[in-house]
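Single-letter residue listing:
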Amino acid sequence: MNAQKELLDAIEIMINRKMESAAQIYTGMVQEIRGTTCLMLVNGDVRPIKVYGTLPTVGKTLPVFVPYGNMSLAFTISP
């Protein structure tokens, strides 16, 4: 039983590490538009987010994609 538990713990650690490096998706609200970047409220913080597609309007809610858990790489896609 001990070897099985150790194996399962090792697998859990590997899965958790991969999940940390996967893209995360948050919901953000547009606060201000600055060229091709928007200031968006994401998780209680206002952050500059790169916009792909048409520029959204202030107050619009959009998904914010965060590659590798790095908020400085975050972007949104506006239809």
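This section reports on the structure supplied with the text.

1. Digging into the sheet that holds strand S3 (residues 45–53)
Strands in a sheet are paired, the pairing made by backbone hydrogen bonds, and the direction either parallel or antiparallel. Strands sit in the order S1-S2-S3-S5-S4 around a closed barrel of five strands; the barrel is mixed. Strand-to-strand, the axes of this sheet are offset by a mean angle of 50°, without reference to chain direction. Bridge analysis of strand S4 (residues 61–66) against strand S5 (residues 75–78) gives two bridges, and the strand direction is antiparallel. Looking at S5, one finds that Val 64 is bridged to Thr 76.

2. Here we look at the packing of aromatic side chains
What the rule picks out here adds up to two aromatic pairs. Between Tyr 52 and Phe 75, the ring centres sit 5.8 Å apart and the planes meet at 80°, which makes this aromatic pair edge-to-face. Of the two residues, Tyr 52 is situated in strand S3 and Phe 75 in strand S5; the sequence distance between them amounts to 23 residues. A residue is classified by how much of its surface remains accessible, and Tyr 52, at 45% relative accessible area, is partly exposed. Centre to centre, the rings of Phe 65 and Phe 75 are 5.4 Å apart; their planes meet at 25°, and the pair counts as stacked. Residue Phe 65 is found in strand S4, and its partner Phe 75 is found in strand S5; the two are separated by ten residues along the sequence. For Phe 65, a relative accessible area of 22% gives the class partly exposed.

3. What to know about the side chain of Thr 76
Inspection of the secondary structure assignment puts Thr 76 in strand S5. Of the polar contacts made by the side chain of Thr 76, one reaches the backbone oxygen of Pro 63; its length is 2.6 Å. In contact with Thr 76, not counting residues within four places along its chain, are Met 40, Ile 49, Lys 50, Val 51, Tyr 52, Leu 62, Pro 63 and Phe 65.

4. Let's talk about the nonpolar core
By size, the foremost hydrophobic cluster in this structure holds ten residues: Val 30, Cys 38, Met 40, Val 42, Ile 49, Val 51, Leu 62, Val 64, Val 66 and Ala 74. Elements supplying a minimum of two residues to this core: strand S2 (37–42), S3 and S4. Apart from residues lying up to four places away in sequence, Val 42 is in contact with Tyr 26, Thr 27, Gly 28, Val 64 and Met 71.

5. Let's talk about the side chain of Ser 78
Assignment of secondary structure puts Ser 78 in strand S5. A relative accessible area of 4% means that Ser 78 is categorised as buried. Here Thr 54 takes part through its backbone oxygen, which lies 3.0 Å from a polar atom of the side chain of Ser 78. Not counting chain neighbours up to four residues away, the residues in contact with Ser 78 comprise Val 51, Tyr 52, Gly 53, Thr 54, Leu 55, Pro 56 and Leu 62.

Quick notes on the rules
Residues numbered from 1 in each chain as written. Predicted model: local features only at pLDDT ≥ 70, side-chain atom pairs only at ≥ 80, totals over all residues. Heavy atoms only, no water. Pairing = 2+ DSSP bridges. Helix = DSSP H or I, 4+ residues; strand = E, 2+ residues; numbered from the N terminus. Axes fitted to C-alpha atoms, helices over the stretch in contact; angles between N-to-C directions. Phe/Tyr/Trp six-rings, centres within 6.5 Å; stacked < 30°, edge-to-face > 60°. Buried < 20%, exposed > 50% of the residue type's maximum accessible area, 1.4 Å probe, protein only. Polar contact = N/O pair within 3.5 Å; in protein donor to acceptor, adjacent residues only side chain to side chain. Contact = heavy atoms within 4.5 Å. Core = buried A, V, L, I, M, F, W, Y, C linked by side-chain atoms within 4.5 Å.

Geometry only, nothing functional implied.
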